[in-house]
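Here is what each chain is made of, one letter per residue.
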Amino acid sequence: MHLSKTNPYSAACPGRPLIDLIGAKWTILVVGCLTRGPQRFGELAAELEGVTPKALTQTLRQLERNGLVLRTVHPVIPPHVEYELTPLGRTLLGPVEALLGWTDANIELCSAAQRAYDADV
C-alpha cells in the first residue's frame, strides 16, 4: 500500500521522474549539505567526497529544474554563484534527516548482513 495520489509503481506515473531524482546517488547528500544555507559549487564539491564536477553539476541542475534549489549568480568578477534550498526544497529536510538517521541507526546491522551474505556467496 502506498500513500501517493498516483501509482508510483506504474511507468506512466507523472511522479516517477521526481522519485528518480530524489533517489539519485547525490541528491540526498546535496540537500543535506544545503541545510546549512547557501553554498558555492566548490564548497559543495569539497564536502561531498567522491562527487565528480559533472555529477554535481547534473544534480544541482535537476534540483533547480524541479524547484528544489535556487541558483543565484552575483554580478561580480569572477562570477560568484551560490546554491540554496527553496521553500519547496526545504520540505525535503524531514525525509532526508529521517533517512540519514535510519542509516546511522542501522549501519552495523546492514554491515553484518553484508558480511554474512558475502560469506555464503
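The name an unreviewed UniProt entry assigns to the protein is Helix-turn-helix domain-containing protein, from the organism Streptomyces osmaniensis.

**Q** What exactly am I supposed to notice about the side chain of Thr 27 here?
**A** Within the secondary structure, Thr 27 sits in helix α2 (residues 27–33). Dropping the residues within four chain positions of it, Thr 27 is found in contact with Leu 21, Ile 22, Thr 59 and Leu 63.

**Q** How should the nonpolar core be read in this particular structure?
**A** Counting residues in each nonpolar core, the largest one holds 22 residues, and the members touching the most others are Val 30, Leu 34, Leu 44, Leu 48, Leu 56 and Tyr 83. Excluding residues that lie within four positions of it along the chain, Leu 56 makes contacts with Val 30, Phe 41, Leu 44, Ala 45, Leu 48 and Val 51.

**Q** Quick question: what am I supposed to make of the confidence of the model for the protein here?
**A** Predicted coordinates in regions of low pLDDT should not be interpreted in detail. When pLDDT is averaged along the protein, the result is 93, and 97% of the positions lie at 70 or above. In the model of the protein, helix α1 (residues 16–22) stands out as the element of lowest mean pLDDT, 92, in contrast to helix α5 (residues 87–90), which has the highest, 98.

What counts as what
Residues numbered from 1 in each chain as written. Predicted model: local features only at pLDDT ≥ 70, side-chain atom pairs only at ≥ 80, totals over all residues. Heavy atoms only, no water. Helix = DSSP H or I, 4+ residues; strand = E, 2+ residues; numbered from the N terminus. Contact = heavy atoms within 4.5 Å. Core = buried A, V, L, I, M, F, W, Y, C linked by side-chain atoms within 4.5 Å. Buried < 20%, exposed > 50% of the residue type's maximum accessible area, 1.4 Å probe, protein only. pLDDT = per-residue confidence, 0-100.

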